[in-house]
Amino acid sequence: MRAAVYHGPGDVRVEEVPKPEIKAPTDALVRVTHTAVCGSDLWPYRGESDRDVPSRIGHEPMGIVEEVGEDVRSVQPGDRVFAPFVISCGECEFCRKGLYTSCVNGDSWGGDNGGAQGEYIRSPHADGTLVRVPDRYADDEDALRALLPLTDVMGTGHHAAVSAGVDAGDTCVVIGDGAVGLCGVLAARRLGASRILAVGHHADRLELAEEFGATETVLGGSDAGGDVVEDVRELTYGGAEHVLECVGAASSMETAAQVCRPGGTVGYVGVPHGVESGGFPAFDFFGDNVALRGGVAPTRAYAEELMDDVLGGTLDPSPIFTKTVGLDDVAEGYRAMDERDAIKVLVKP
Ligand SMILES: [Zn+2]
Ligand SMILES: [Zn+2]
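What you are looking at is a predicted structure, and each value in this text was computed from that prediction instead of being measured. (Residues numbered from 1 in each chain as written. Chains lettered and ligands numbered in written order. Predicted model: local features only at pLDDT ≥ 70, side-chain atom pairs only at ≥ 80, totals over all residues. Heavy atoms only, no water.)

Colleague: I tried to follow the sheet that holds strand S11 (residues 171-175) on my own but got confused; where do I start?
Modeller: Within a sheet, neighbouring strands are paired by backbone hydrogen bonds and run either parallel or antiparallel to one another. What the six strands build is an open sheet, ordered S13-S12-S11-S14-S15-S16; its pairing is parallel. Looking along the sheet, the strands with just one partner apiece sit at the ends: strand S13 (216-219) and strand S16 (291-294). Shown here is a sheet whose adjacent strand axes are inclined to one another by a mean of 20°, direction ignored. Note: strand S12 (residues 195-200) against S13, four bridges, orientation parallel. Of the residues in S13, the one forming a bridge with leucine 197 is glutamate 216. The sheet contacts of helix H7 (residues 203-212) involve S12 and S13, and relative to S13 the element is tilted by about 165°. (Pairing = 2+ DSSP bridges. Helix = DSSP H or I, 4+ residues; strand = E, 2+ residues; numbered from the N terminus. Axes fitted to C-alpha atoms, helices over the stretch in contact; angles between N-to-C directions. Contact = heavy atoms within 4.5 Å.)

Colleague: Sorry, what's going on with the coordination of the zinc ion (ligand 2) here?
Modeller: Octahedral metal centres with six donors ideally show angles of 90 or 180 degrees, and tetrahedral centres with four donors ideally show 109.5 degrees. Those protein atoms acting as donors to the zinc ion (ligand 2) are Cys89 (SG), Cys92 (SG), Cys95 (SG) and Cys103 (SG), and they sit at 2.3 to 2.4 Å. One way to put it: the four donor atoms around the zinc ion (ligand 2) meet at angles of 99 to 117°, and that makes the site tetrahedral. Every donor residue of the zinc ion (ligand 2) comes from the same chain, spaced as C-x2-C-x2-C-x7-C. In this pair, cysteine 92 sits in the loop between strand S7 (86-87) and helix H2 (93-96) while cysteine 103 sits in the loop between H2 and strand S8 (107-108), placing the two residues 11 residues apart along the sequence. Each of the two residues, cysteine 92 as well as cysteine 103, counts as buried. (Donors = N, O, S within 2.8 Å, 3.2 Å for Na, K, Ca; no water. Tetrahedral: all angles 85-135°; square planar, octahedral: opposite > 155°, others 65-115°. Buried < 20%, exposed > 50% of the residue type's maximum accessible area, 1.4 Å probe, protein only.)

Colleague: In this structure, what is going on with helix H9 (residues 250-259)? I would like to understand it.
Modeller: Residues spaced three or four apart along an α-helix point in a common direction, a consequence of the helix completing one turn every 3.6 residues. The element H9 is largely enclosed, with a buried count of seven among its 10 residues. If you check which residues of H9 are buried, you get Ala250, Ser252, Met253, Thr255, Ala256, Ala257 and Val259.

Colleague: Please clarify how the side chain of threonine 33 should be interpreted in this entry.
Modeller: Mapped onto the elements, threonine 33 comes out in strand S3 (residues 28-37). Here threonine 33 falls in the buried class, since its relative accessible area comes to 13%.

Colleague: I keep staring at the state of the cysteines and nothing clicks. Help me out?
Modeller: Simply put, disulfide is the name for a covalent bond between the sulfur atoms of two cysteines. If you walk through the whole model with that rule in mind, you get zero disulfides. Here cysteine 183 stays free of any disulfide, with the sulfur of cysteine 246 as its closest cysteine sulfur at 9.0 Å. Given a relative accessible area of 0%, cysteine 183 falls into the buried group. (Disulfide = S-S within 2.5 Å.)

Colleague: Got a minute to help me understand the pattern of salt bridges in this structure?
Modeller: Where charged atoms of side chains with opposite charge meet at close range, the side chains can pair. Using the criterion set out here, one finds 22 salt bridges in the structure. Arginine 13 is the salt-bridge partner of aspartate 11, the closest N and O atoms lying 2.7 Å from each other. A relative accessible area of 22% means that aspartate 11 is categorised as partly exposed. The exposure class assigned to arginine 13 is partly exposed, which follows from its relative accessible area of 39%. For glutamate 93, the salt bridge is made with lysine 97, and the minimal N-O distance between the two is 3.4 Å. (Salt bridge = Lys/Arg side-chain N within 4 Å of Asp/Glu carboxyl O.)

Colleague: So what exactly am I meant to see when it comes to the packing of helix H5 (residues 153-163) against helix H6 (residues 179-190) here?
Modeller: Helices that pack against each other are described as a pair by the angle of their axes relative to one another and the distance between those axes. Viewed as axis vectors pointing N to C, H5 and H6 meet at an angle of 55°, and their least axial separation amounts to 7 Å. In this view, H5 runs oblique relative to H6, as classed from their interaxial angle. Once H5 is placed against H6, the crossing between them reads as right-handed. In contact with Val153, Met154, Thr156, Gly157, His158 and Ala161 of H5, H6 contributes Ala179, Val180, Cys183, Gly184, Leu186, Ala187, Ala188 and Arg190. Here the contact of H5 with H6 is composed, by residue class, of nine nonpolar, four polar and one charged. (Parallel < 35°, antiparallel > 145°, perpendicular 65-115°, else oblique. Left-handed = near helix turned anticlockwise from the far one by under 90°. Nonpolar A, V, L, I, M, F, W, Y, C, P; charged D, E, K, R; others polar.)

Colleague: Looking at this structure, I do not really get the coordination of the zinc ion (ligand 1). What am I missing?
Modeller: Surrounding the zinc ion (ligand 1) are the protein donor atoms Cys38 (SG), His59 (NE2), Glu60 (OE) and Asp152 (OD), which sit 1.8 to 2.2 Å from the metal. Around the zinc ion (ligand 1), the four donor atoms sit at angles spanning 100 to 119°, and that spread fits a shape best called tetrahedral.

Colleague: Looking at this structure, I do not really get the sheet that holds strand S1 (residues 2-6). What am I missing?
Modeller: The antiparallel open sheet is built from three strands, whose spatial order is S2-S1-S4. Where the open sheet ends on each side, the last strands, each with one partner, are strand S2 (12-16) and strand S4 (55-56).

Colleague: Sorry if this is basic, but what is going on with the side chain of threonine 129 here?
Modeller: Along the chain, threonine 129 turns up in helix H3 (residues 126-129). Beyond its immediate stretch of four places on either side in the chain, threonine 129 contacts Phe82, Ala83, Pro84, Val86, Ile87, Ser88, Trp109, Ser123, Pro124 and Arg300.

Colleague: What's the story with the packing of H6 against H7 in this structure? I'm lost.
Modeller: Following both chains from N to C, one finds H6 and H7 inclined at 20°, their axes separated by 9 Å at the closest point. It follows that H6 is roughly parallel to H7 by the angle criterion. In this structure, H6 meets H7 at a crossing whose hand is right-handed. For the pair formed by H6 and H7, the contact residues are Leu182, Val185, Leu186 and Arg189 on the first element and Arg205, Leu208, Ala209, Glu211 and Phe212 on the second. A class-by-class count of the residues in the contact of H6 with H7 yields six nonpolar, no polar and three charged.

Colleague: So what exactly am I meant to see when it comes to the pairing of S11 here?
Modeller: Both faces of the sheet carry side chains from a regular strand, because those side chains alternate between them. Buried residues dominate S11, accounting for four of its five residues. By the bridge criterion, five bridges tie S11 to S12 in an arrangement that is parallel. By the bridge assignment for S12, threonine 171 is matched with arginine 195. Between S11 and its parallel partner S12, the chain crosses via H6, and the hand of that crossover is right-handed. Bridge count for S11 against strand S14 (residues 240-245) is four bridges, and the pairing is parallel. Opposite cysteine 172, over in S14, you have histidine 242 as the bridge partner. (Right-handed = clockwise from strand over helix to strand, strands pointing away.)

The analysis is restricted to geometry; functional conclusions fall outside its scope.
Structure follows, in structure tokens:
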């Protein structure tokens, strides 16, 4: 089968690789029909984080079950499914707590599971990992495009909002206008926030944030004249109780803490980078008793409730996919995201 293979910074190729096979009775083989390039795939692509070379890549699969092991109960061949970016058993202490990302039997996509940017994956622990899409939506392309972000970014944006404690009537700030930040806006609106300030570096993405429910936007970065922290503090009369940190950089952590109201909470979900070498702004949290909650999003925990809303027509993250490519053009997908020509790229193997 064909799959994307990471060969080093700036170098993702589609190659012929062995097709995965059922190995354990709890496995399922899934033919991937939809997958995506993630912001976190860009860190190795940009040489900003280490990754084995060569290695299979991608972690946001959706497709059709082709074969199941004899112990699999929740799905059968022909079912439409998607999978979160982490494999989980659904039965251990942490899965039962909803902390699927800490599953003691867990794994990530890649290796002989198949990276999710390829024609097939083998899903270990299929009952715990795969989310079955109701049959009536199994071939509804609009519904599938709106469900695909539940594999990662929509669940992650939701985790940011939940971790920040967003509730009905609240004022919150969303730091980051990438796919996760935009989904954080959707999540905050869904949870009933009455004021949502979206902070980003790109005017066009902040426009989408407004379509998603942001009540105000603040443009930062080199193109903007103002001071983001000052602007947000002024708009919120001293900071917001709930801040969603959706980037993961040391600078955005710092901004998040500084726009958080004393005693408030920052929900952080961006994969940390650049914060290892003394970059974590502990004093910005310390001085005003700002709480920090969150971490890698257990998106499996949120899949059903978010799917209900997507299929019910009240939640639609699909506009984050501003570009669609075939598997053979996955390299072009990486380029487009790296150069910010696309917010998020949908890949159709
Ligand atoms: Zn992802
Ligand atoms: Zn588990």
